[in-house]
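Observations on the three-dimensional arrangement
Below are the chains, spelled out letter by letter.
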Amino acid sequence: MRRLQKQFNQDYNSIRADSFRPFSYMYTEAIKHYLSNHGFERINLKAVLFDMDGVLYNSMPIHAESWHQVMKRFGLHLSREEAYMHEGRTGAGTINIISQRQRGRDATAEEIEKIYAAKANEFNDHPQPPVMPGALEVLNQIKEDGLKIILVTGSGQKTLLQRLEHSFPGIFHEELMVTAFDVKKGKPNPEPYLMGLKKGNLQPNEAIVVENAPLGVQAAADAQIFTVAVNTGPLPDKVLLDAGADILFPSMPAFNEHWKELYHAVNDKVF
Ligand code: MG
């Protein structure tokens, strides 16, 4: 607990220069900062929007490995670490960035189709990624609190989307899901999160986003939603904070452990 709190405060120091404070103070500060940044009077919480990869499933190591291997097969270089930086982009978006850098041109539609199909196959050749520890527990808490739960993912990986009901029974409903099949631009554009708000009939200050990727955090922050970053991967916390996260937890179990305090801070206080 002490170690976790220290880590929290260190993360926060990088943007707030606070010294050691209780968690509740930190939540209050984060909420205040969010409200003044976006010109809202309060958060009237009705829903939590969840990203999928790296939040609900520990799938990012397999995505990163698959991208790296498949790009190599097509004569392109994408390191595993860089793959984490592109998390949340559409497949075409990622392929074009690498193609531009290496070949000075966008990939053709045919190349994109081939590479993305190969990447999806490579992903499926790996064992199924495990459910992220803490994910089911926090989803159940949020459901019991009477909040809507909305999925907002850039993924078009059908094997994972079809596993959701099995992994998280009774949590996700098709009418409250945004996937790669719904969006044109994808993260870091706010489009997927704006679509999530629309599907839930929500204003930006009626929701919280849970994200693990810098581009996802950027999309959520640009959609003016209070954004919780969970750092489940290898990137430094600073990358997520700089992308616009309002608060950062070092893991999903930590988010689960502290959900109630955050929920009360959002609900009980009028700023
Ligand atoms: Mg993610």
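1. A word on the layout of surface pockets
Taken as a whole, the largest pocket spans an internal volume of roughly 480 Å³. Around the largest pocket sit 31 residues that line it, and Arg89, Gly91, Tyr116, Gly154 and Ser155 are the ones nearest its centre. Looking at the lining of the largest pocket residue by residue, the class counts come to 11 nonpolar, 12 polar and eight charged. When residues of the lining of the largest pocket are assigned to domains, at least three fall in each of domain 1 (7-58 + 131-268) and domain 2 (60-124).

2. A look at the packing of helix α3 (residues 60-73) against helix α6 (residues 109-125)
With their axes 9 Å apart at the nearest point, α3 and α6 run at an angle of 135 degrees to one another. The angle between the axes of α3 and α6 places the two elements in the oblique class. In this structure, α3 crosses over α6, and the sense of that crossing is right-handed. Together, Ile62, His63, Ser66, Trp67, Gln69, Val70, Met71 and Arg73 of α3 and Ile115, Tyr116, Ala118, Lys119, Glu122 and Phe123 of α6 make up the contact between the two elements. Taken together, the residues of the contact of α3 with α6 break down into eight nonpolar, three polar and three charged.

3. Thoughts on the domain arrangement of the protein
As a measure of interface size, the accessible area lost when the parts come together is often cited. Each assigned domain of the protein is listed here: domain 1 (7-58 + 131-268) and domain 2 (60-124). On a C-alpha basis, the centroid separation for the pair domain 1 and domain 2 is 26 Å. Residue-level contacts link 21 residues of domain 1 with 16 residues of domain 2. Carbon and sulfur atoms make up 57% of the area that domain 1 and domain 2 hide from each other, which totals about 1,400 Å². The largest share of the area that domain 1 buries against domain 2 comes from Gln157, Leu215 and Leu235, three residues that together contribute 32% of it. Counting the contacts that link domain 1 with domain 2 gives zero salt bridges. Linking domain 1 to domain 2 there are three residue pairs in polar contact (both at pLDDT 80 or more). Of all the secondary structure elements, the ones that give two or more residues to the side of domain 1 that touches domain 2 are α8 (158-161) and α11 (214-222). Class assignment of the residues belonging to the side of domain 1 that touches domain 2 gives a composition of eight nonpolar, nine polar and four charged.

4. A few points about the packing of aromatic side chains
Overall, the coordinates contain nine aromatic pairs when judged by the stated rule. Ring centres of phenylalanine 168 and phenylalanine 172 lie 6.1 Å apart, and the angle between their planes is 80 degrees; on these two criteria the pair is classed as edge-to-face. This pair shows no difference in class: phenylalanine 168 is buried, exactly as phenylalanine 172 is. Measuring from centroid to centroid gives 5.4 Å for phenylalanine 249 and phenylalanine 255, while their planes differ by 55 degrees, and the two rings are tilted. The pair formed by phenylalanine 249 and phenylalanine 255 is uniform in burial state, with each residue classed as buried. Ring pairs connect the aromatic residues Tyr27, Phe249, Phe255, Trp259 and Tyr263, which therefore count as one cluster.

5. What to know about the coordination of the magnesium ion
The magnesium ion binds to the protein through Asp51 (OD), Asp53 (O), Glu87 (OE) and Asn212 (OD1), with metal-donor distances spanning 2.0 to 2.2 Å. Along the chain, the residues donating to the magnesium ion are arranged with the sequence spacing D-x1-D-x33-E-x124-N. A residue pair is termed long-range when its members are at least 10 positions apart, and glutamate 87 in the loop between α4 (80-85) and α5 (91-103) and asparagine 212 in the loop between β4 (207-211) and α11 qualify at 125 residues.

6. Focus: empty space enclosed by the protein
Within the structure shown, the criterion is met by one cavity of 30 Å³ or more. Lining the largest cavity, in full, are Tyr84, Glu87, Asn212, Ala213, Asn231, Thr232, Gly233, Pro234 and Leu235. Tallied by class, residues from the lining of the largest cavity come to four nonpolar, four polar and one charged.

7. Here we look at the pairing of strand β2 (residues 148-152)
Among the five residues in β2, four count as buried, and that is most of the element. Across four bridges, strand β1 (residues 47-50) lies against β2 in parallel orientation. Residue pairing in the sheet places leucine 49 in a bridge with isoleucine 150 of β2. Relative to strand β3 (residues 177-178), β2 runs parallel, the two sharing two bridges. Considered in β3, the bridge of valine 152 is made with valine 178.

Rules behind the numbers
- Residues numbered from 1 in each chain as written.
- Predicted model: local features only at pLDDT ≥ 70, side-chain atom pairs only at ≥ 80, totals over all residues.
- Heavy atoms only, no water.
- 1 Å grid on protein atoms, 1.4 Å probe; cavity = no way out; pocket = protein on both sides within 12 Å on 5 of 7 lines; lining within 4 Å.
- Points joined across faces, edges and corners; volume = space filled by probe spheres on them.
- Nonpolar A, V, L, I, M, F, W, Y, C, P; charged D, E, K, R; others polar.
- Domains from an automatic or database assignment.
- Axes fitted to C-alpha atoms, helices over the stretch in contact; angles between N-to-C directions.
- Helix = DSSP H or I, 4+ residues; strand = E, 2+ residues; numbered from the N terminus.
- Parallel < 35°, antiparallel > 145°, perpendicular 65-115°, else oblique.
- Left-handed = near helix turned anticlockwise from the far one by under 90°.
- Contact = heavy atoms within 4.5 Å.
- Buried area = accessible area lost by both parts, 1.4 Å probe.
- Salt bridge = Lys/Arg side-chain N within 4 Å of Asp/Glu carboxyl O.
- Polar contact = N/O pair within 3.5 Å; in protein donor to acceptor, adjacent residues only side chain to side chain.
- Phe/Tyr/Trp six-rings, centres within 6.5 Å; stacked < 30°, edge-to-face > 60°.
- Buried < 20%, exposed > 50% of the residue type's maximum accessible area, 1.4 Å probe, protein only.
- Donors = N, O, S within 2.8 Å, 3.2 Å for Na, K, Ca; no water.
- Pairing = 2+ DSSP bridges.

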